[in-house]
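Read off the chains here:
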Amino acid sequence: MSAQSKAPTKGRRITAPDIRARKGGEPLVCLTAYDAPMARILDPHCDLLLVGDSVGMVVHGLDSTVGVTLDMMILHGQAVMRGANRALVAVDMPFGSYEQSPEQAFANAARVMAETGCQAIKIESGTYAADTIRFMAARSIPVIGHIGLRPQAALADGGFKAKGRTQAERQRVIDEALATAQAGAFAIVIEGVAEDLAREITETVDVPTIGIGASAACDGQILVTQDMLGVFDWTPKFVKRYDNMAERTDAAVSQFAREVRDRSFPSQREVYTMKRSDG
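This one's a predicted model, so the numbers in the text were calculated from it and none came from an experiment. (Residues numbered from 1 in each chain as written. Predicted model: local features only at pLDDT ≥ 70, side-chain atom pairs only at ≥ 80, totals over all residues. Heavy atoms only, no water.)

## A few points about the environment of Ala246
Argument step 1. Examined against the element boundaries, Ala246 turns out to sit in helix α11 (residues 245-261).
Argument step 2. On a C-alpha basis, the gap between Ala246 and Val231 in space is 4.6 Å, while along the polypeptide they are 15 residues apart.
Argument step 3. If near-sequence neighbours (up to four positions away) are discounted, Ala246 is found in contact with Gly230 and Val231. (Helix = DSSP H or I, 4+ residues; strand = E, 2+ residues; numbered from the N terminus. Contact = heavy atoms within 4.5 Å.)

Below is the structure:
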């Protein structure tokens, strides 16, 4: 691995050019973050933290990402920036905040960056988005593209369905990838596509690919942190659970409730006592 592809030394924030330089090098480690405490835990281990619009489903209980607003993304972006000081922080542009025109996209992206201090934004990038990416990149907005399964299009697609499993659909995903890279995105998230297609795209485009439900051949991987930690009963096929936080949290809360009810909490260790007199 070349020196150029190594992560920067501790103490300096990872930047878009750093991520771009990792093409073909050490795989990028990426996770989602929505709040300061979790960002603080993830930061030493990750190259990139994504404040994803998945926050709508993960934190706010929405059925899809469509109801997420720009104000919500800014609020969570600010929180993550307070917790992270090493990883590059990218914020998702929510549905309706960039599709109308390149000018609309730039204005909203500039607001997100100014109000959160994040280092990049991410947009779901069908071929229609190439002009928007080009417009923003030319005006110093670092952009990450997102191709394949695009959650913001789930209602139009009839659900969260893997992409690129037919020849016509496969070509459409390749066209999305090429258009996104050529327009100036410094990295591309590839979600929910056949493994061989993700590998082909990674070998074709000259910017790093970040897989989620794609291929180990991608230049990096990202998961929703709460999925990876086992917070929910159900997770997508492409998620590996590294813990079962739902079960462990349930056990902890059950113990707390039991101790409150039998008055063993708080014990003497957890209460204050009057100071002794100096006399």
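## Some points on the packing of aromatic side chains
Argument step 1. Within this structure, the stated rule accounts for 2 aromatic pairs.
Argument step 2. Taking 6.3 Å as the distance between ring centres and 75° as the angle between the ring planes, the aromatic pair formed by Phe106 and Phe135 counts as edge-to-face. Of the two residues, Phe106 is situated in helix α5 (residues 102-116) and Phe135 in helix α6 (residues 130-137); the sequence distance between them amounts to 29 residues.
Argument step 3. Ring centres 5.8 Å apart and planes at 65° place the aromatic pair Phe256 and Phe265 in the edge-to-face group.
Argument step 4. Phe265 sits in the partly exposed class, given a relative accessible area of 34%.
Argument step 5. When the ring centre of Phe135 is taken as reference, the NZ or CZ atom of Arg139 above it lies at 3.6 Å. (Phe/Tyr/Trp six-rings, centres within 6.5 Å; stacked < 30°, edge-to-face > 60°. Buried < 20%, exposed > 50% of the residue type's maximum accessible area, 1.4 Å probe, protein only. Lys NZ or Arg CZ within 6 Å of the ring centre and 35° of its normal.)

## A look at the nonpolar core
Argument step 1. Core analysis: the biggest nonpolar cluster contains 62 residues, and Leu49, Leu88, Ile121 and Ile123 have the highest contact counts within it.
Argument step 2. A per-element tally of this core places helix α4 (residues 70-83) first, with 6 residues.
Argument step 3. Core analysis: the next-biggest nonpolar cluster, separate from the first, contains 14 residues, Ile147, Val173, Ile201 and Cys218 among them. (Core = buried A, V, L, I, M, F, W, Y, C linked by side-chain atoms within 4.5 Å.)

## With respect to the pattern of salt bridges
Argument step 1. Throughout the structure, instances matching the rule amount to 14 salt bridges.
Argument step 2. Between Asp71 and Arg111 there is a salt bridge, with its nearest N and O atoms 2.6 Å apart. Pair noted here: Asp71 is in helix α4 and Arg111 is in helix α5, with a separation of 40 residues, a long-range link.
Argument step 3. Among the ionic pairs, Glu169 bridges to Arg172, the shortest N-O distance being 3.6 Å. Residue Glu169 and its partner Arg172 are both found in helix α8 (residues 167-183); the two are separated by 3 residues, about one turn of the helix.
Argument step 4. With a relative accessible area of 17%, Glu169 lands in the buried category.
Argument step 5. Residue classification places Arg172 among the partly exposed positions, given a relative accessible area of 42%.
Argument step 6. Counted as one network, the salt bridges with shared partners bring together Arg22, Asp47 and Arg86. (Salt bridge = Lys/Arg side-chain N within 4 Å of Asp/Glu carboxyl O.)

## Concerning a nonpolar patch on the surface
Argument step 1. Side chains of Phe256, Val260 and Phe265 sit close together on the surface and give an oily, nonpolar patch of about 260 Å² of accessible area.
Argument step 2. Inspection of the secondary structure puts Phe256 in helix α11.
Argument step 3. Residue class for Phe256 comes out partly exposed when judged on its relative accessible area of 48%. (Patch = residues over 30% accessible without salt bridge, like charges linked within 9 Å, V, L, I, M, F, W, Y side chains within 5 Å. Areas by Shrake-Rupley, 256 points an atom, 1.4 Å probe, with all protein chains shown as cover.)

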